[in-house]
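What follows is each chain in one-letter form.
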Amino acid sequence: MKHHQNSEQRRTSRTLAQSMVLLLALFAVVLGSAGRVAAAAEIEVDAPAESTVGESVQITATVTDGGVPVADAVVTVTRQAEIGGQSGFVELDSGVTDEAGVVQLEFVQNAAPSDAEHLQVELQGDNGVEAATKFDMTVLDGPQQVSATSGADVGIINKYWLIGVLALVWFFVIAATVQLLVISRSSDGSTHSNRVIPYFMVGFVLFTGLGMFYVVLTQPSMHANLAPNDEFDRVPTAYVGEVYPYLGLGGDPADRPDDLSGEVLFVQAGCASCHGIDANGAIVGGELDDGVLDDTDEFTEAIREGPDGMPVYDDVLLSQAEIDRIIEFLQSTRSAANP
Amino acid sequence: MEALIDEPDTSDTTWEDRLENKVLIPGTKTGLAFKLWIGGLLLVLLIGVVAYVNQYNNGLYVTGMRDRISWGIYIAAFVFFAGISMAGTLMSAILRITKATWRTPVTRFAEAITVMGLVTAGLFVIVDMGQPTRLYQMYLNGNWQSPLMWDMMAITVYLTSSVVYLLIPMIPDLAFFRDGLPGRVPRAQSWMYGTLSFGWIENPPQRRALAKAVAILTILIIPVAVTVHTVLSFVFSTTVRVSWNSTSFGFFFVAGAIFSGVAVLIIVFAVVRRRYHLEEYITERQFTYLGYLMAAMSMILIYTNATEFITKGFKASDDDLFAFRELFATKFAPLFWFYFFGGLVLPVLIVAFKRTRTITGLVVASSFAVVAMFVERYFIVVAGMSVPLMPYEPSTYAPTATEWAIVAGGFALFLLFLTVFTRLFPILAVWEMKHEHHERKEVTA
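Fair warning: this is a prediction, and the values are worked out from it, not measured in the lab.

Here's the deal with the overall build of chain A
Next, step 1: Helix and strand counts for chain A stand at nine helices and nine strands.
Next, step 2: Residues classed as buried in chain A amount to 18% of the 339 residues present.
Next, step 3: A separation threshold of at least 6 residues defines the contact pool for chain A, and within that pool the share at least 24 residues apart is 61%.

In structure tokens, the structure reads:
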């Protein structure tokens, strides 16, 4: 009897515990859905339909919840960035809504990989993005994103002043050196001295001085960082640091994600900085065309040994598997370009 | 202050003969110690060359320099040697302009150190290049908006004019060697004296031409030297690095250059004086004066450090505080405090007290100063580079064995240049010394 009573009691307490757990779970669900209800907010975005590279873009976002403005909400505007098959949203600006639920966001338009920019205004909550509104923007061509706004352009300060100063200084240096000729020619010939070498010396100084003028006169007077001109136009490059933290060269391969695509590696290892983002060749590095890629062993050997002043990539900088992926990437783009 | 008063004239009839004999000795005499010294220097230089060949074949990857700290001990050595070359200008040109008579035994070496320091400095720029065969691109396709271009132009003018400035006042002495060493030296050496003395027979037109050239160069070389060292500082202060954001860097570099140059001069003089027994000509007077100059420059440097750190520390941005913490308290603190107390304060103290103001004391002070100035160049370069520009982990740098070997090779090359110079060329400006001696005798008569 006593035993029976015990089992009865046990059953009762088990039921109690079970219902408690159920109740708790129910409570959690209600609480959770309450939270979701609270965050079922809407973001209304007022953004221009198009933007120009290098200019700032203003966006007004209004956050409402069932028609009621939400104040003190953290809102960000992000753009979709893509490289080597990896894609994600990168923050451009963030702000906090005011009493009316309105926030002003602003960013400078970077050169976009295509004509359209895919943007998203996000409401940030404790558990990440709680609401988002996507919108597109047409990107118009403009000067490169880094345009020099500092510095003064004073017309009368130009390179002719530099040339003038150089001329003055070299005039004196040459005038002093010519005295060697005077000394040599004033000799009575009683000593054994070479009459040709003084001319050589004066000639050398003259050559060096005139060489300096050649250097100044032949150099481009446009800084490569300023507005694009025919010779120094810059190409838009990928923004590696935005998707992946910048790792730099020479790191331990174990620290690198082992799923980096050939395209990412091509940029990250620095290949693109000489050969161009599409491997079409540039001033320093040549085009990596089918001819170069035909013999993959030779190509790998070139990466390892660095011909014609190219940096040497040993197996710390690029593993064999990584080189294979780069070759794969290059071959795919080549065959796409020349079917 | 007795040292500022001229010593009693100890002239006698054989003063000139003794001077001439003394100066001719190095050209003819070589001992075992000399050969060992040359051999040792050549060995260090050879190790440096081997290390450089290794670096050339494998790229700058064999150095400690990486993407975040991309300048290291080579650039420090470049600035150091360029700084040493300032000594020549200051000693020779400024003192010649003001007709300071005590300078005459000092000038020749000062001018030689200028040329040798500059050549060594230039080599370190090439060593720092990953692909030195592209140097010619600087001339053909350079961009003169780059401070490196200004540097190249300033150094070209400075090197050319200092070679001429070394050569022209040496012509009468080379003529003296040409006449005084016939048959005592190899033929090639005699030929060199004959050629480089440009048929000097000391006739009036030659004297006029010489005086003209010396006058032009003496005045020209002072502003040129100042531009060289300020433009050198532009390479840093126009680069976006927190510690280099300074408008007083030019002043800072010129002061440091004069300081280290004078210190090197004192050491070189002490060695040469002892080795070739020139006690009669390079007297304690020269050492004391150079010591005073060094102490003054040292105090100026202490002050320039204060201006640098007070102006930045007063505003104290986060980046500045990071740089200060590394410099004063953590990574570079031992180097900085050695520089400050060992390299700047100690020389002042040594010069300040009469008991320590001896030639030995001054050589000790100078040695500290020279080491400290190298250390200063090192932490200006590396500590400046180590402040992150973006939110990445601060990087570290340490010279590798290859870099140490090449830097040691550079020092060996500089000393080798200097040794060969003392061996082959008139180390004292005999002509100017005689001239001054005559003038002094006339005044006393």
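A word on the overall build of chain B
Next, step 1: When helices and strands are counted, chain B shows 17 helices and zero strands.
Next, step 2: The burial tally for chain B puts 45% of its 445 residues in the buried class.
Next, step 3: Long-range pairs, those at least 24 residues apart, make up 83% of the contacts in chain B with a sequence separation of at least 6.

Re unusual backbone geometry
Residues and elements named next belong to chain B.
Next, step 1: At Phe 198, a position not held by glycine, the phi torsion is positive, near 50°.
Next, step 2: With respect to the element layout, Phe 198 can be found in the loop between helix H9 (187-196) and helix H10 (204-237).
Next, step 3: Under the C-beta neighbour-count criterion, Phe 198 is labelled buried, with 30 such atoms within 10 Å.
Next, step 4: Located in the positive-phi region is Ala 316, a residue other than glycine, with phi close to 45°.
Next, step 5: The topology assignment puts Ala 316 in the loop between helix H12 (284-315) and helix H13 (318-329).
Next, step 6: On the basis of neighbour counts, which here come to 10 C-beta atoms within 10 Å, the residue Ala 316 falls in the exposed class.

Some remarks on H9 of chain B
Next, step 1: Of the positions making up H9 of chain B, those classed as buried are Tyr 193, Thr 195 and Leu 196 of chain B. Projection of H9 of chain B onto a plane perpendicular to its axis shows the buried side chains occupying an angular sector of 165°, all on one side.
Next, step 2: Against helix H3 (197-218) of chain A together with helix H7 (147-167) and helix H8 (171-180) of chain B lie the buried residues of H9 of chain B.
Next, step 3: Just past H9 of chain B, the residue Phe 198 of chain B takes up positive phi, approximately 50°.

Focus on the interface of chain A and chain B
Next, step 1: Residue-level contacts link 38 residues of chain A with 41 residues of chain B.
Next, step 2: Counting only elements with at least two residues in the side of chain A that touches chain B, the list comes to helix H2 (159-185) and H3 of chain A.
Next, step 3: Ranked by residue count, the leading element in the side of chain A that touches chain B is H2 of chain A, at eleven residues.
Next, step 4: Tallied by class, the residues present in the side of chain A that touches chain B amount to 19 nonpolar, 18 polar and one charged.

Observations regarding the confidence of the model for chain B
Residue and element names in this part refer to chain B.
Next, step 1: Confidence in the prediction for chain B averages 85 pLDDT; 91% of positions are at 70 or higher.
Next, step 2: Confidence drops under pLDDT 50 across residues 1-12; counting only partners more than four residues distant or on other chains, this segment forms eight contacts.
Next, step 3: Both scores are given for the predicted complex: the pTM is 0.67, the ipTM 0.82.

With respect to the nonpolar core
All names here are of chain B.
Next, step 1: Ranked by internal contacts, the top residues of the largest apolar core, which has 145 residues, are Phe 78, Ala 87, Phe 259, Val 262, Leu 265 and Met 294.
Next, step 2: Counting residues per element, this core draws most heavily on helix H15 (residues 359-385), which supplies 17 residues.
Next, step 3: In this structure Leu 265 touches Ala 87, Met 91, Phe 109, Ala 110, Ile 113 and Leu 290, once residues within four positions along its chain are discounted.

Quick look at H10 of chain B
Next, step 1: Compared with an ideal rise of 1.5 Å per residue, which puts 34 residues at 50 Å, H10 of chain B spans 49 Å between its outermost C-alpha atoms and is within 8% of the ideal.
Next, step 2: For H10 of chain B, the principal kink sits at Ile 221 of chain B and spans about 30°; a proline, Pro 223 of chain B, occurs within the next four residues.

Here's the deal with the packing of helix H11 (residues 249-275) of chain B against H12 of chain B
All names here are of chain B.
Next, step 1: Two elements in contact, H11 and H12, have axes separated by 9 Å at closest approach and are oriented at 155°. In terms of their interaxial angle, H11 and H12 are classed as roughly antiparallel. Regarding H11 and H12, the two cross each other, and that crossing is left-handed. Residue-level inspection shows Phe 251, Phe 252, Ala 255, Gly 256, Ile 258, Phe 259, Val 262, Ala 263, Leu 265, Ile 266 and Phe 269 of H11 in contact with H12, the latter providing Gln 286, Phe 287, Leu 290, Gly 291, Leu 293, Met 294, Met 297, Ser 298, Ile 300, Leu 301, Thr 304 and Glu 308.
Next, step 2: For the contact of H11 with H12, the per-class residue count stands at 17 nonpolar, five polar and one charged.

Points about the packing of helix H4 (residues 86-97) of chain B against H10 of chain B
Residues and elements named next belong to chain B.
Next, step 1: Direction vectors running N to C along H4 and H10 enclose 145°, while the axes themselves pass 9 Å from each other. Handedness of the crossing formed by H4 with H10: left-handed. Residue-level contacts link Met 86, Thr 89, Ala 93, Ile 94, Arg 96 and Ile 97 of H4 to Thr 218, Ile 221, Ile 222, Ala 225 and His 229 of H10.
Next, step 2: Of the residues assigned to the contact of H4 with H10, the class counts are seven nonpolar, three polar and one charged.

A word on the environment of Thr 358 of chain B
Next, step 1: Relative to the helices and strands, Thr 358 of chain B is located in the loop between helix H14 (333-352) and H15.
Next, step 2: Distance in space between the C-alpha atoms of Thr 358 of chain B and Phe 287 of chain B is 8.2 Å, their sequence separation being 71 residues.

Details of the pairing of strand S9 (residues 128-140) of chain A
All names here are of chain A.
Next, step 1: Two elements, strand S2 (residues 50-52) and S9, share three bridges in a ladder whose sense is parallel. Following the sheet pairing, Ser 51 is matched in S9 by Val 139.
Next, step 2: For strand S8 (residues 116-125) and S9, the ladder comprises ten bridges, and the chain directions are antiparallel. Each bridged residue has a counterpart across the sheet, and for His 118 the counterpart in S9 is Asp 136.
Next, step 3: Counting the residues in the hairpin turn of S8 and S9 gives two residues.

Re the confidence of the model for chain A
Residue and element names in this part refer to chain A.
Next, step 1: Confidence in the prediction for chain A averages 74 pLDDT; 70% of positions are at 70 or higher.
Next, step 2: Scored below 50 in pLDDT, residues 34-38 shows zero contacts in the model against residues more than four places distant or in partner chains.
Next, step 3: A low-confidence stretch, residues 144-152 (pLDDT under 50), is modelled with 14 contacts involving residues beyond four sequence positions or located in other chains.

Quick notes on the environment of Gly 313 of chain B
Residues and elements named next belong to chain B.
Next, step 1: Counting through the fold element by element, Gly 313 comes out in helix H12.
Next, step 2: Classification of Gly 313 as partly exposed rests on a count of 13 C-beta atoms within 10 Å.
Next, step 3: Note: C-alpha distance between Gly 313 and Phe 324 (eleven residues apart in sequence) is 8.2 Å.
Next, step 4: In this view, Gly 313 contacts Asp 320 and Phe 324; residues no more than four positions away in its chain are not counted.

As for the environment of Val 214 of chain B
Residues and elements named next belong to chain B.
Next, step 1: For Val 214, the location among the structural elements is in helix H10.
Next, step 2: In this structure Val 214 comes out as partly exposed when scored by C-beta crowding, with 18 C-beta atoms within 10 Å.
Next, step 3: Taking the C-alpha atoms as reference points, Val 214 and Arg 96, 118 residues apart in sequence, are found 9.5 Å from one another.
Next, step 4: Those residues in contact with Val 214 that sit more than four places away from it in its chain are Ile 168 and Pro 169.

The rules behind these values
- Residues numbered from 1 in each chain as written.
- Chains lettered and ligands numbered in written order.
- Predicted model: local features only at pLDDT ≥ 70, side-chain atom pairs only at ≥ 80, totals over all residues.
- Helix = DSSP H or I, 4+ residues; strand = E, 2+ residues; numbered from the N terminus.
- Buried ≥ 20, exposed ≤ 12 C-beta atoms within 10 Å, placed from the backbone.
- Contact = placed C-beta atoms within 7 Å.
- Arc of directions from axis to C-beta.
- Nonpolar A, V, L, I, M, F, W, Y, C, P; charged D, E, K, R; others polar.
- pLDDT = per-residue confidence, 0-100.
- Core = buried A, V, L, I, M, F, W, Y, C linked by C-beta atoms within 7 Å.
- Expected span 1.5 Å × (residues − 1).
- Bend = angle between axes of the 7 residues up to and from the residue.
- Axes fitted to C-alpha atoms, helices over the stretch in contact; angles between N-to-C directions.
- Parallel < 35°, antiparallel > 145°, perpendicular 65-115°, else oblique.
- Left-handed = near helix turned anticlockwise from the far one by under 90°.
- Pairing = 2+ DSSP bridges.

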